[in-house]
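In case you want the letters, here they are:
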Amino acid sequence: MPSVRFFPEGAIAAVPPGTSLLEAVYAAGLTMETPCGGNGICGKCRVRVLTGLPHGIQDRAKPVSPFALACQDLVGEDDLDLEILEVGENSLQIHDESLALSCAHIPRLTKRFLPDRGRTEVLAGGKTLCLEAGNRTDSLFGLAVDVGTTTLAVALVDLRNGEEAASAATLNRQTRHAHDVLGRISFAAEPGGLAILQQDALTDINALIAEVCAQAGISAADIYEAVICGNTCMQHLVTGIDPANLGRRPYHPAFRGHAYRKAAEVGLRIASQGEVYFPAVLSGHVGADIVAGIVATGLLRRHQPTLFIDIGTNGEMALAKEGRVIAASTAAGPAFEGMNISCGMRAAAGAIEAFCLEGDGRPVLKTIAEAPPRGLCGSGLIDAVAALVVHNGVASSGRFTPDGGAIAHFLERVNGKSRFRLAPHIFLTQKDIRQVQLAKAAIRAGIDLLLRQARILPEQVDRVLIAGSFGYHLKERSLLDLGLLPEAFAGKTEFVGNTSKAGARIFLLDAASRDWAASLAEKASCLDLADLPDFQAVFTASMAFPRASRPTFTATPAA
Ligand code: FES
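Residues numbered from 1 in each chain as written. Predicted model: local features only at pLDDT ≥ 70, side-chain atom pairs only at ≥ 80, totals over all residues. Heavy atoms only, no water.

## Let's talk about the sheet that holds strand β1 (residues 3–7)
Working step 1: Sheet architecture is open: five strands sit in the order β2-β1-β5-β3-β4, paired in mixed fashion. Two strands close off the open sheet at either side, each with one partner strand: β2 (11–14) and β4 (67–69). Taken pair by pair, the neighbouring strands of this sheet meet at an average axis angle of 35 degrees, ignoring direction.
Working step 2: In terms of strand pairing, β1 meets strand β5 (residues 80–84) through four bridges, oriented parallel. Its bridge partner lying in β5, Phe6 is registered against Leu82. (Pairing = 2+ DSSP bridges. Helix = DSSP H or I, 4+ residues; strand = E, 2+ residues; numbered from the N terminus. Axes fitted to C-alpha atoms, helices over the stretch in contact; angles between N-to-C directions.)

In structure tokens form, the structure reads like this:
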């Protein structure tokens, strides 16, 4: 069997001929971005061929190329040495630092020194978990884990003072099988699929545990409790429970959470006697990540109607009004995470995270780490499309305007097709605009229907809390200009970052919050949007962009 060696990591995989280079990347224990969904469009999976010849390149009778596309080219009969060119998961941005947590500090996990025995008793909920030699009361750690459809994040929490001792994030390697929840449910139904997805999740989480332990200089055996938050499908996959129910009516979850498992039973590499807590889920489509968000934002403590939206591959939302919660979820797809977009990428160094046009029409870009622009992440994509909309480059139908409107200087034709060039090698195609339309329509339709169900007008909403891994970069104006949010929300939005992880941290620090969240899950009502007779009509109406509002510039710069 040929071996494929990846540099600079030095990781190696032995795979049968005919395996895609991308599969070989994963088999070697590495991950790779596939923004275009492995369709050979974005070029983000490019590798440099150092030795050997991938099969696809041979077959296409191309001159020997030092580069290959991992998603397209295959391992042949020869051993290969490949260099991965794109920055991987290590540069993912983590944005949960600014949400000030407010909770009691009464953790479920405690320790006490027994001087007569010279040992330290480790207790969970008052029950003895184990005894440690000597006085170990100076070490008390828990893990807050957010398992997102696209990324995973882990925080090591010092339970003595509530501080985050270390944190790390990675790309969810399940994305190699499918980018969204429905795709994962389908993959889980294939022979061996569920076991693969579970193993993928555990491999990622365990790698992050090793990373945060190394950062903090502790052993994973010093961690006795983990709280895992994720959407309902992810909770199923981590526990190895078949998520098939989530893909068919009435979408009742097989696993409802508010449950404890032994870490060893789950496969989490922490103390062998350690425990894992899975918070309650609200429904098949509204998961523990939203419950965590409700807890982290103190949603129910707000007196005026407040809307919480977590924007990811699913747009999950909860509306709180007079102590009651109504929640819904809508399939937004991966566009806002930079996926399925020609020049999309995740929030990593070089991603355009902010884009605007000056009064004279000149583009102003802000990239992550101030690196040269390599692509558009979700917030940059939203900014860029909003700019096309307000300057009449895109009509309200989503079609490019024939003359490019006030930004004709960005319009170019390549292979007979129009596209807007935002920066060298970074452009938006008609198909990209359609992906953004679909994503924003899903979220906007969810908002409109949720408000209608609660009999609240957009004007009556007091605050709009927006969570998601790109939350802090989003501009309210861009969301309004796209029509993703109603104009009546102007001045009311607040970006709250990764509330799933923040909520998991609260569950670690405040044991009572778990029961509170479980009772919330019992009482909250969940709206099944797809079952509403007019969902399709509202969704279709939400596809339209608002009309252009700033069509001209004081001067037209050179293209
Ligand atoms: Fe391979 Fe886009 S070209 S993932």
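Picking up where we left off.
## Some words on the layout of surface pockets
Working step 1: Size it by volume and the largest pocket reaches roughly 570 Å³.
Working step 2: If you trace the largest pocket, you find 28 residues lining it, with Leu182, His285, Asn314, Thr330 and Ala331 closest to the centre.
Working step 3: Its residues assigned to classes, the lining of the largest pocket comprises 14 nonpolar, eleven polar and three charged. (1 Å grid on protein atoms, 1.4 Å probe; cavity = no way out; pocket = protein on both sides within 12 Å on 5 of 7 lines; lining within 4 Å. Points joined across faces, edges and corners; volume = space filled by probe spheres on them. Nonpolar A, V, L, I, M, F, W, Y, C, P; charged D, E, K, R; others polar.)

## Some details on the pattern of salt bridges
Working step 1: Tallying each qualifying case throughout the model produces 25 salt bridges.
Working step 2: Between Arg176 and Glu23 there is a salt bridge whose closest N-O contact spans 3.7 Å. In this pair, Arg176 is assigned in the loop between β11 (164–171) and α3 (181–189) and Glu23 in helix α1 (residues 21–27), connecting sequence segments 153 residues apart.
Working step 3: Linking Arg136 and Asp222 is a salt bridge whose minimum nitrogen-to-oxygen distance equals 3.3 Å. Linking Arg136 in the loop between β8 (127–133) and β9 (141–147) with Asp222 in the loop between α4 (193–216) and β12 (223–230), this pair joins segments that are 86 residues apart in sequence.
Working step 4: Relative accessible area serves as the criterion here: at 25%, Arg136 is assigned to the partly exposed category.
Working step 5: In this structure Asp222 comes out as buried when scored by relative accessible area, which is 13%.
Working step 6: Taken together, the salt bridges that share partners define one network made up of Arg108, Glu225, Lys262, Glu275 and Arg514. (Salt bridge = Lys/Arg side-chain N within 4 Å of Asp/Glu carboxyl O. Buried < 20%, exposed > 50% of the residue type's maximum accessible area, 1.4 Å probe, protein only.)

What is shown is where atoms sit, not what they do.
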